[in-house]
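# Report on the structure
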Amino acid sequence: MRMVQIRKSISIYQYITYLNFPLTNPIPNITMAVWLITGCSSGFGLELAKVAASRGDKVLAASRNPANIQLSHQNIKLVRLNHNAPLENIKTVVDDLVQVFGTIDIVVNNAGYVQTGTLEESTPEETFNQFQANVFGPLNLYRAVLPHLRAKKSGTLVTMGSMAAWYPMNSCNLYNMSKAALRWAGIGLAEEVKQFGIKHTLVEPGFFRTSLLKPGANLSGTPAKTRIPEYDELNTTADEAFKNFHGGQLGDPVKGAKIIYEVVTGTGVAAGKELPGFFPVGSDATEEIGKALDKTREDVEAWRDISKLTDFKE
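Read on for a plain summary of the structure. Not measured: the values here are computed from a predicted model.

Hydrogen bonds between backbone groups are what pair the strands of a sheet, and the pairing can be parallel or antiparallel. Within the open sheet, the 7 strands sit side by side as 3-2-1-4-6-7-9. Their pairing is parallel. The sheet is open, and its two borders are formed by strand 3 (76–80) and strand 9 (278–281), each paired with just one other strand. Strand-to-strand twist of the sheet, defined as the mean angle between neighbouring strand axes without regard to direction, takes the value 20°. In this structure, strand 7 (residues 198–205) lies alongside strand 9, joined through 4 bridges in parallel fashion. Counterpart to Glu204 in the pairing with strand 9 is Pro280. Where helix 2 (residues 43–54) meets the sheet, it contacts strand 1 (34–37), strand 2 (58–63), strand 3, strand 4 (106–109), strand 6 (155–160) and strand 7, and its direction lies at approximately 170° from that of strand 1. Across the sheet, helix 8 (residues 283–302) is in contact with strand 7 and strand 9; its angle to strand 9 comes to roughly 120°.

What follows is the structure, encoded as structure tokens:
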């Protein structure tokens, strides 16, 4: 029978799809996975935790302050995890979290914030803090959880990047460059861990109506005392853009979380598909990343003949 070819871990939804049976009301994935999601107090972290729990999975919903997480579900455990803490502290926390549900299957590195201000006027401390939250912290979380995933030879890592990694943005380039660094850290990590049966996907969303750009939430501006007058016009334009843009973003975080869940688990719209190494989320993400790719190709071709003059003749 064809049934014997189905992996034991496949969901009922995937099995029915495999047999080409009609399915008007998709059955939740009965293969329970345990998720560890950072930044669950708002945005994609919050919405993704809701989706995973509603599908029957277990969720370790993490935040530096779990009291701020507005979640209540039998499948969700609110946990304290500060990915900006020293690595040894993170390892201790992760070792304890593995014991909560007996394992961790999917890790979503989602926590982060946006630092505004031009490069010249941004302080070294602001620069470090931006990279600590958006790059160094997420990498330390992976360092803490990877021994557990290697031991069981399975697991999925989900790095939440941004389409901002693909282009510069006046008065916001610390954020953009941190997401660019995270992009290549995740892609490089994927190649190193695939030998252990561990998968990785880089999710790069466009603008979604989360609290990321909400004043006072995840948006941190360079203090006025360090502002340089010559950059006033750039900074004013950027400040007003962020202020006016919040609440008008194109992307729906509820729909985005549902799609991300299905792409990561290979269910729903992603049934039968392999986990992508890179997944842009939102029509603005595909548009902006596509334009960046086109521009890069144009630059490469425009200078190809001159570039090759540096080669040894042989």
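Having seen it, we continue.
Right, let's talk about helix 7 (residues 253–265) for a bit. In a regular helix each residue adds 1.5 Å, so 13 residues correspond to 18 Å; helix 7 covers 18 Å between its end C-alpha atoms and thus fits that length. Taken as a whole, helix 7 has its buried residues at Pro253, Gly256, Ala257, Ile260, Tyr261, Glu262, Val263, Val264 and Thr265. Two or three places before Val254, at the opening of helix 7, Asp252 has a side-chain oxygen 2.9 Å from that residue's backbone nitrogen. At the C-terminal side of helix 7, Gly266 shows a positive phi close to 70°.

What counts and how
Residues numbered from 1 in each chain as written. Predicted model: local features only at pLDDT ≥ 70, side-chain atom pairs only at ≥ 80, totals over all residues. Heavy atoms only, no water. Pairing = 2+ DSSP bridges. Helix = DSSP H or I, 4+ residues; strand = E, 2+ residues; numbered from the N terminus. Axes fitted to C-alpha atoms, helices over the stretch in contact; angles between N-to-C directions. Contact = heavy atoms within 4.5 Å. Expected span 1.5 Å × (residues − 1). Buried < 20%, exposed > 50% of the residue type's maximum accessible area, 1.4 Å probe, protein only. Polar contact = N/O pair within 3.5 Å; in protein donor to acceptor, adjacent residues only side chain to side chain.

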